[in-house]
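# Descriptive structure summary
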Amino acid sequence: DGGITQSPKYLFRKEGQNVTLSCEQNLNHDAMYWYRQDPGQGLRLIYYSQIVNDFQKGDIAEGYSVSREKKESFPLTVTSAQKNPTAFYLCASSMYDEQYFGPGTRLTVT
Amino acid sequence: GQQVMQIPQYQHVQEGEDFTTYCNSSTTLSNIQWYKQRPGGHPVFLIQLVKSGEVKKQKRLTFQFGEAKKNSSLHITATQTTDVGTYFCAGVTGANNLFFGTGTRLTVIP
């Protein structure tokens, strides 16, 4: 089945630790995105990539980093510099306009 | 900067009542998309509107795009419990950037 996978579904970390969230797609999509969603709020764009080896900052990139070494993969690292990392993180991909979302990773930092 | 506002933020309706959510952009959009996110799930694409004044229907859902391409609405006729979730609009600008609205959380009371 084609789709987007994110792992793990739930992630717990101690404050001060970096953590990397996985996002893989087998839809052959060129563009990939990372969003953050806080309770009761909309989606805020963290980073996006329109092609391999290239990515751009979104609205809230501070404290995050990404890489796009392969078309299928777009991992997100939440660094210790991110002041409020606890959130629901969604990865998406698209070929043209419509975005396909993964199931999300719920990160809790204590 | 680009903003896409949605109202209302929350809506509780009795099953069988109608529901409408409105989306307003600060700038003219090239097109607008609508997504639905079930509780605990991820956003799923519903539809895209491209033309000024366009109206599209999906069973009990009616989507409209304003004449000025700055606003849109989603209307659900005779809501059912399966309609519960958060509905997001997402405006696409000429630069092909997608801006998600704040979402409307719909609760349907049986």
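Residues numbered from 1 in each chain as written. Chains lettered and ligands numbered in written order. Predicted model: local features only at pLDDT ≥ 70, side-chain atom pairs only at ≥ 80, totals over all residues. Heavy atoms only, no water.

## Structural notes on the nonpolar core
Of all hydrophobic cores here, the largest spans 21 residues; its most connected members are A:Trp34, A:Ile46, A:Leu76, A:Val78 and A:Tyr89. Those elements giving two or more residues to this core turn out to be strand 3 (19–25), strand 4 (31–37), strand 5 (43–51), strand 7 (64–66), strand 8 (76–78), strand 9 (87–94) and strand 11 (105–109) of chain A. (Core = buried A, V, L, I, M, F, W, Y, C linked by side-chain atoms within 4.5 Å. Buried < 20%, exposed > 50% of the residue type's maximum accessible area, 1.4 Å probe, protein only. Helix = DSSP H or I, 4+ residues; strand = E, 2+ residues; numbered from the N terminus.)

## Focus: the environment of B:His12
All names here are of chain B. Mapped onto the elements, His12 comes out in strand 2 (residues 10–14). Sequence-wise, His12 and Ile47 are 35 residues apart; in three dimensions their C-alpha atoms are separated by 23 Å. If near-sequence neighbours (up to four positions away) are discounted, His12 is found in contact with Thr107 and Ile109. (Contact = heavy atoms within 4.5 Å.)

## A few points about the side chain of B:Gln48
Tracing the sequence through the fold places B:Gln48 in strand 5 (residues 43–49). Polar contacts involving the side chain of B:Gln48 include one to the side chain of A:Asp97, which spans 3.3 Å. (Polar contact = N/O pair within 3.5 Å; in protein donor to acceptor, adjacent residues only side chain to side chain.)

## Focus: the pattern of salt bridges
If you walk through the whole model with that rule in mind, you get five salt bridges over all chains. Among the ionic pairs, A:Arg36 bridges to A:Asp38, the shortest N-O distance being 2.9 Å. Classification of A:Asp38 as buried rests on a relative accessible area of 12%. Its salt-bridge partner being B:Lys56, residue B:Glu54 comes within 3.8 Å of it at the nearest N-O pair. Among the residues examined, B:Lys56 registers a relative accessible area of 30% and is labelled partly exposed. Each of A:Arg36, A:Asp38 and A:Arg44 takes part in salt bridges that share partners, so that together they form one network. (Salt bridge = Lys/Arg side-chain N within 4 Å of Asp/Glu carboxyl O.)

Coordinates in, geometry out; function isn't part of it.
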